[in-house]
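This is what each chain is made of:
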Amino acid sequence: MNFKDIRERFRNKEISAKELTKDSLDKAHKYSNLNAFISTFDEDALKKAEYIDNNFNDYKDLALGGIPIAHKDIFCTKGKRTTCASKMLENFTPPYESTVTSNCHQAGSIMIGKTNMDEFAMGSSNETSFFGPVINPWGESLVPGGSSGGSAASVAADITSLATGTDTGGSIRQPAALCGITGLKPTYGLVSRWGMIAFCSSMDQAGPFARDAFGCAALLDAMASYDAKDSTSAQRDKVKYEDALRGDVGNLKIGILRDIDQLGISEEILKAYENSKTVLEKQGHSFVELDFSELSSGICSYYVIAPAECSSNLARFDGVKYGHRSDSSNISELYLQTRSEGFGEEVRKRILIGTYVLSAGFYDAYYRKAQKVRRMMKSKFDEFFKSVDLVFLPTTLDQAFEMNRTSSDPNRMYKEDLLTIPANLAGLPAISFPNGLANELPIGAQFVGNYFSEDLLLNITHKLQEVTDWHKIKP
Ligand code: GLN
């Protein structure tokens, strides 16, 4: 069932929060082969559901009242294990609650568990988790995308109607595309990063997953808030995203990329993209061709900046304060062994790259240059938004791919993020939604909007979903 129907039924007392929670937990266990969850909190979830049912009037009008939800295991949850899918935090129980999860609790949702992800959110296939890979509900040998693959799988498999994720370089949009659901990466600063384990702080941003734009709007209403505890949190008037869906979007000018067929996007995805353009045209929108020949440089910039920031952010995991600790009596050995044992291969690789590009001898050659590319990317979008309202492009190059994909190109996995990274570098909002099916697997496309245009992104997607059925197709 999708979020809107579930909430309607709860509000009409046709189904109780307890029944909904029991159903979600049952499915989480039934589909344990997907490995979508690192932890479930059966007892606490059922207790909260019962409390909500007993206090129905206090919850019935809340955005997420009575709704089971899954949170990515990157958000600290007070008194409940939070691992970031790393051996380093295998037994870590935070003493405080992240703003995102706290906002969701306050909006009346019921957390049934924490979802599996790539270790420290580094990856595009959910194969780097210490707890093993997540399986795409569309096929048992397929990856769900990453890094928020567990959350995407939970929604795609109908375990929960909503889930949270984070998107530093595409980790909401790419798994949304590969699992056939809708996911939004908000403007940097709209959603608080407090209590969200840091990977690349200048790009990390949390956002919603749901089957459709309506569910994403309701969850974003709960997630977004100004938070003094996050110094990059945006102080703005609160927008009610769900209400924004009722308005008309008007006739928009939509930017499309010249030479899009030169980017290595699969034929099936390009075909779905063309079909969506036809629908958009029928809805009264027009297209403007943009020259975005710099798009590919985004990936080079990202894979310098993200490792640089992660090498600094992950320095705190030293075996002294918290997390995994190796047996060693000597302090340097303790650091070395703890970090060698606690971090997986991908994380160690990124820390090495990050310290290298930040080192005195190479800072100008790599880090400063990457920052220049980042600035250029932002200017490029500023330029685009002078003539268009939105930019429309596919979300990924490929559909869900096989696990353990072997490739002669060691950077193949990094290229997965080619189309998502530009929005992260610029700090812009972007939404991915299902826009086709080929080889019996979903396809995604995305809109990138100007800063704080989440209402428009959600609304245009909602209008498309009113006349198309791609978001209704299930594995
Ligand atoms: N796949 C990208 C990476 O590995 C993006 C990850 C993310 O958005 N968290 O860094």
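Residues numbered from 1 in each chain as written. Predicted model: local features only at pLDDT ≥ 70, side-chain atom pairs only at ≥ 80, totals over all residues. Heavy atoms only, no water.

Draft legend 1. Main features of the overall build of the protein. The helix and strand tally for the protein stands at 17 helices and 11 strands. A globule of 475 residues ought to have a C-alpha radius of gyration of about 23 Å, and the protein, at 21 Å, matches this closely. When burial is assessed residue by residue, the protein has 60% of its 475 residues classed as buried. Long-range pairs, those at least 24 residues apart, make up 76% of the contacts in the protein between residues at least 6 apart in sequence. (Helix = DSSP H or I, 4+ residues; strand = E, 2+ residues; numbered from the N terminus. Rg over C-alpha atoms; globule rule 2.2 N^0.38 Å. Buried < 20%, exposed > 50% of the residue type's maximum accessible area, 1.4 Å probe, protein only. Contact = heavy atoms within 4.5 Å.)

Draft legend 2. Structural view of helix H5 (residues 99–106). Along H5, the positions that sit buried rather than exposed are Thr99, Val100, Thr101, Asn103 and Cys104. Those residues of H5 that are buried are in contact with strand S2 (68–72), strand S4 (162–166), strand S6 (206–210) and helix H8 (213–223). Positive phi appears at Gly108, one or two residues downstream of H5, with a value of about 95°.

Draft legend 3. Expanded view of the site of the ligand. The environment of the ligand is made up of 15 residues, and the closest members are Thr168, Gly169, Ser171, Tyr302 and Arg350. Within the backbone of Gly123, one N or O atom sits 2.8 Å away from an oxygen atom of the ligand. Protein coverage of the free-state accessible area of the ligand, which is 290 Å², stands at 100%. Its residues assigned to classes, the shell around the ligand shows five nonpolar, seven polar and three charged. (Near = heavy atom within 4 Å. Polar contact = N/O pair within 3.5 Å; in protein donor to acceptor, adjacent residues only side chain to side chain. Areas by Shrake-Rupley, 256 points an atom, 1.4 Å probe, with all protein chains shown as cover. Nonpolar A, V, L, I, M, F, W, Y, C, P; charged D, E, K, R; others polar.)

Draft legend 4. Up close: the pairing of S4. Among the five residues of S4, five are classified as buried, and the element is accordingly described as predominantly covered. Residues Leu162, Thr164 and Thr166 line one face of S4 and the alternating positions Ala163 and Gly165 line the opposite face, and both faces are buried. Where S4 and S6 come together, five bridges link them in antiparallel fashion. Residue pairing in the sheet places Ala163 in a bridge with Phe209 of S6. (Pairing = 2+ DSSP bridges.)

Draft legend 5. Region of the structure containing the sheet that holds strand S10 (residues 430–438). Spatially, 11 strands are ordered S1-S3-S2-S4-S6-S5-S10-S11-S9-S7-S8 in an open sheet, and the strand pairing comes out mixed. At either margin of the open sheet sits one strand with a lone partner, and together these are strand S1 (37–40) and strand S8 (286–290). If you compare each strand with its neighbour and ignore which way they point, the axes differ by 30° on average. Here S2 pairs with strand S3 (residues 110–115) via five bridges, running parallel. Each bridged residue has a counterpart across the sheet, and for Ile69 the counterpart in S3 is Met111. Lying on the sheet, H8 is in contact with S2, S4, strand S5 (182–185) and S6; it crosses S6 at an angle near 145°. Sheet strands in contact with helix H10 (residues 267–282) are strand S7 (253–257), S8, strand S9 (390–394), S10 and strand S11 (441–449), and its direction is about 145° off that of S9. (Axes fitted to C-alpha atoms, helices over the stretch in contact; angles between N-to-C directions.)

Draft legend 6. Representation of the packing of aromatic side chains within the structure. Per the counting criterion, the structure on display carries 24 aromatic pairs. Of the aromatic side chains, those joined through ring pairs into one cluster are Phe92, Phe120, Phe317, Tyr322 and Phe343. Above the plane of the ring of Phe287 lies Lys277, whose end atom (NZ or CZ) is 5.9 Å from the centre. (Phe/Tyr/Trp six-rings, centres within 6.5 Å; stacked < 30°, edge-to-face > 60°. Lys NZ or Arg CZ within 6 Å of the ring centre and 35° of its normal.)

Draft legend 7. The arrangement of the pairing of S8 in detail. Looking at chain direction, S7 and S8 are connected through five bridges and run parallel. Opposite Leu257, over in S8, you have Leu290 as the bridge partner. Between the parallel elements S7 and S8, the chain passes through H10 in a crossover that is right-handed. (Right-handed = clockwise from strand over helix to strand, strands pointing away.)

Draft legend 8. Seen up close, the environment of Ile431. Considering the arrangement of structural elements, one finds Ile431 in strand S10. Given a relative accessible area of 0%, Ile431 falls into the buried group. Each residue touching Ile431, except ones within four places of it in the same chain, is listed here: Thr182, Gly183, Leu184, Ala445, Gln446, Phe447, Leu457, Leu458 and Thr461.

Draft legend 9. View of the packing of helix H11 (residues 297–313) against helix H13 (residues 345–358). Interhelical geometry of H11 versus H13 gives an angle of 100° and a closest axis separation of 7 Å. Compared by their axis directions, H11 and H13 come out roughly perpendicular. Along its contact with H11, which presents Tyr303, Val304, Pro307, Ala308, Cys310 and Ser311, the element H13 presents Arg350, Ile351, Ile353, Gly354, Thr355, Val357 and Leu358. In terms of residue class, the contact of H11 with H13 is made up of nine nonpolar, three polar and one charged. (Parallel < 35°, antiparallel > 145°, perpendicular 65-115°, else oblique.)

Draft legend 10. Representation of the state of the cysteines within the structure. As enumerated under the stated definition, the model contains zero disulfides in all. Cysteine Cys179 shares no disulfide, and the gap to the nearest cysteine sulfur, in Cys216, comes to 13 Å. Residue classification places Cys179 among the buried positions, given a relative accessible area of 1%. Here Cys200 stays free of any disulfide, with the sulfur of Cys310 as its closest cysteine sulfur at 8.3 Å. Relative accessible area serves as the criterion here: at 0%, Cys200 is assigned to the buried category. (Disulfide = S-S within 2.5 Å.)

Draft legend 11. Spotlight on the side chain of Glu242. Assignment of secondary structure puts Glu242 in helix H9 (residues 241–244). Glu242 gets classed as buried once you look at its relative accessible area, which sits at 10%. At 2.7 Å, the side chain of Glu242 and the side chain of Arg7 are in polar contact. Not counting residues up to four positions away in its chain, the partners in contact with Glu242 are Arg7, Phe214, Ala217, Ala218 and Asp221.

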